[in-house]
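A closer look at the structure
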Amino acid sequence: MELKKFQRTALDTLTTYLQRARVTANPEQAFTAVWQERNPDKTPPPYRAIAGLPGVPNVCLRLPTGGGKTLLAAHTVAVAGRHYLEREYPVVLWMVPTNTIRVQTAEALKKPGHPYRAALDEAFDGRVSVFDAAEIAQIRPQDLTERVTVIVITIQSLRTSNTDGRKAYAHSENYEPHFAHIPAGTPGLERAEDGSLKFSFVNLMAFHRPLVIVDEAHKAGTSLSFDMLTALKPACIVEFTATPSTDARNGSNVLYRASAAEVKEAQMIKLPIVLTEHPDWRAAVHDAIETRARLAETAKDDTRGYIRPLTLFQAQDKGQEVTVDVLKKYLIDNENITADRIAVATGEQRELDSINLFDPQCLVDFIITVEALKEGWDCSFAYVLCSVSNIGSATDIEQLLGRVLRMPYAQTRSQPALNRAYAHVSSPRFGAGAEALKDTLIEKMGFQPDEAAEAVQQRQATLPGIGTNPDLFNHAPVLLETLDTVPDLTGLAPEVAERVQLEARDDGTVTVTVQGEITAELEQRLVDSMQPERQERVRAAVQRHRVTHRNSIAPAERGEKFAVPRLFVVDEQGTLDLAEKELLLDLGGWTLNEFAATLTPQEFSIHETAERWEVDLQGEKVTYKHLEQNAQLEIGLLKLDWTDLQLSRWLDGATLAIDVKPNDIIQPVRLEFCRKVIADLTTRRGLALNDLLRFKYQLAKAVQQKIAAYRQQAYALSYQTYLLAPDAHVETSFADGFAFDNRPYPANWNYSGAYQFKKHFFGSVGELDNKGDEFECAKALDTLPTVKYWLRNLSTRPQTSFWLPTSTDRFYPDFVAQLHDGRVFVVEYKGEPYVTNDDSREKTNIGELWAAKSQGKGLFLMAQVRDELGRDVRAQLLAATAGQCQGVVTRG
């Protein structure tokens, strides 16, 4: 299964961190450095080191529900093995929160062809063994040295407070074959009263220093105490979760966070959640049935594969009003649903176990459960969630909500209504359901507050006698709240007051419905009608409504077009090819065999002292203790009997695995380059083959760095030749331009300041602070009379943002605007210290080239606080768009 972009980014970030932690032997320093690189304008959080495990990396990858955490965990085994553990076949302790998840995870990792198993098999040539906690006694010594061994256990199973935990620490003759190969004097292992080594599972793990993968630790019922891990002596700990712990002592070190927008862009989840609140459970059930029926009709027109939308009903526990039996009887007797269309999934009734819900012949449309679906169950045909409980008291709602968020086939549907999830809930007070779902998304599913506000769209329930609205997608956002008293609307502007509807309720409260923009004055009137303890809830509801309303009236939502001409290279046949790095390398005839297969002493060298070896890589030192190397030799982990050709073949595969552009070098060329490097090191430089074998992972890193340097050298030459040279054939074209209107806008976070932008192409402004020079530039652009609409261009997103090539990578200008006269205005803002540096000069150069080739359809401005004429940012923008310059505008 091919990884999504955000998943690759997560693994790349983890790779960089582990490489730095290996070189510096300081996980905290590596964490701070990598975090700062990803968030240059923010203060890194404190790193929580584990007491008793000094120098052990411990980081967390945070992904929201539906982000593929377990698949990433499977890929992490190879990443950690290559870049930190330096083991051909790592030992992996895979820790999960419950026995149900333990069994499901072990089964998936064992199943040939399953994406989790496929990730391991591909990385380790199928030499993989997976053991469930109940199968630990079956592990052989050779499994731990000649194969990747994955042991799936629960977090609780290592606690000494239970029987399984005590067994893990106890002496057992079952482990004697393992300890026959372990030196009796090995330090740091637990011993019996007579001083002999304990043959225990914990000791076995402590000797092999496993990679520990922690899956959703917060679901274990209690916070994960890392104290129990110290006896296992893990070499590295990587946690995967949607909701990391914030505990000051044992909290998660979040290295990377994927946003809900990124997961949606990857076509993995359905968003937004269209929420309808109902005064009682019967109305909620009826509308949930109607919603499923309309979705089923819509699915007939979908062109991207068979879908049969399902409704999940969450019934109440026994002893309450709407139990599973009551709800099923209601569906059959009152809603005319035949019994064969209903399946019950509870602890006692497991009717789904023998049903394939993806089968077109399957009749099931409705599933009734209480909480039995919360672990492991997954069917992306689930579209509608209906909870018959009062939403404020419903339990495990986040588990069922997670089930309806999965996108069928991980592919956006052709029918917009099928790209959303639907929820029907009963609530005594309108607005409570939206608040509850928002809180669930934030606290239990990994959403940020601004993401949760966008993810929940309130929809007004169908009124009795009015009929049904067949359109599940194009409806105006509505604020629907229950107020304590009638709000005072006197004095409001007529155009504001006419959008407010009030309805008195039997209990003395008032239902208010508001469509369109909510002014600050109207917001205050609504807040004043609430008791003090509930006023903040109304403010939050108004803010959520503003987000959804702003999105609904944004140019992108209205169907406006926004295309930007891109930069193309014209080939000999007159064909336009996008000016990408791969193309320019190909035009320049890049091939590795034209470069010297040598490593200088600065690039790779080995030094031995009395206690350790030191390997130098570009000024960085990686240390290896003699004691650790000797222990690895004794159990067969370190092999020094290879020939130079065997090492060449290994190096070929190892450099391929860590190369970011592996497909531009054919295998025979890479293999020969590796052979020549080894020959040069052993002959010209006199390094012993045994030493190269000892430190082959660092050698692979040095060789790959050399290949990357050669590739960059070739690209820089091609960049100058085919883009900037006087005889270069370059054009811009709208024919295959970059169309913002056909793409998502996957911001990691959104602007949240007081100023309300009016012309942004999308409803939310992505990744813009609410103060500072870039904010002032954006505000000036927003108020420019010549600007029709504009957007904040998100960096490092080549599929969803406009970019231009540079001699090293890609340049993502800060802002792109559509002018009323049809021209496109591209703006890059640089603070005063950076305006004249090499990076800014190169960006200006390529921006000017793009504009010059646009035939007057494109403008480029490198803006600054004050230009050489003394003009502020707004004056520079005005001058640039006033028609004074046709195409190129650099600094004012």
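Treat the numbers as computed from the prediction; the structure is a model and nothing was measured. Positions within a chain are numbered from 1, following the residues in the order the chain's sequence is written. Under the rules for a predicted model, residues below a pLDDT of 70 receive no local features and side-chain atom pairs below 80 are neither given nor counted, while totals for whole chains, interfaces and linings still include all residues. The basis for every side-chain value is the complete set of non-hydrogen atoms in the structure, without hydrogens or water.

Digging into the pairing of strand 13 (residues 421-426)
Put simply, the test is: Note on classification: 1.4 Å probe, protein chains only; a residue is buried when its accessible area is under 20% of the maximum for its type, exposed when over 50%, partly exposed between these limits. The way it works is that DSSP assigns letters per residue, a run of H or I at least four long becomes a helix, a run of E at least two long becomes a strand, and they are numbered from the N terminus. DSSP calls a pair of strands paired once it identifies at least 2 bridges connecting them.
A large share of strand 13 lies buried, amounting to 6 of its 6 residues. Burial along strand 13 is two-sided: the face carrying Ala 421, Ala 423 and Val 425 and the face carrying Tyr 422, His 424 and Ser 426 are both buried. Bridge count between strand 8 (residues 273-278) and strand 13: 6 bridges; the pairing is parallel. For Val 274, the partnering residue across the bridge sits in strand 13 and is Tyr 422.

Some points on helix 13 (residues 324-334)
Filter applied, for reference: Here the arc refers to the directions that run from the helix axis out to each C-beta atom.
For helix 13, the full list of buried residues reads Val 324, Leu 327, Tyr 330 and Leu 331. Seen along its axis, helix 13 keeps its buried residues to an arc of 130°; they face one direction. Residues of helix 13 that are exposed and angled more than 90 degrees away from the buried face: Asp 325 and Lys 329. The first or second residue beyond helix 13 is Asn 336, which carries a positive phi of 55°.

Quick word on the pattern of salt bridges
Formally: Salt bridge, as used here: a side-chain nitrogen of Lys or Arg that lies within 4 Å of a carboxyl oxygen of Asp or Glu.
With the rule as written, the count across this model stands at 48 salt bridges. Taking the shortest distance from any N to any O, the salt bridge between Arg 525 and Glu 521 comes out at 2.9 Å. One end of the pair is Arg 525 and the other is Glu 521, both in helix 18 (residues 520-528) and 4 residues apart, which spans about a single turn. A relative accessible area of 43% places Glu 521 in the partly exposed class. For Asp 821, the salt bridge is made with Arg 823, and the minimal N-O distance between the two is 2.9 Å. For Arg 823, a relative accessible area of 9% translates into the label buried. Each of the salt bridges in this network shares a partner with another, and the network as a whole consists of Arg 292, Arg 308, Arg 341 and Asp 365.

Observations concerning the sheet that holds strand 23 (residues 730-739)
Note the cut-off: Lines are fitted to the C-alpha atoms to define the axes, a helix being fitted only along its stretch in contact, and any angle between axes, read from their N-to-C directions, falls within 0 to 180 degrees. Contact criterion: two residues are considered in contact whenever any of their non-hydrogen atoms come within 4.5 Å of each other.
Pairing in this open sheet of 3 strands is antiparallel, and the strands run 19-18-23 from one edge to the other. Looking along the sheet, the strands with just one partner apiece sit at the ends: strand 19 (576-578) and strand 23. Within this sheet the neighbouring strands show an average axis-to-axis angle of 55°, counted without direction. As paired elements, strand 18 (residues 563-570) and strand 19 share 3 bridges and run antiparallel to each other. Bridge pairing in strand 19 links Val 570 to Leu 576. Sitting on the sheet, helix 27 (residues 838-852) is in contact with strand 18 and strand 23, with an inclination near 95° to strand 18.

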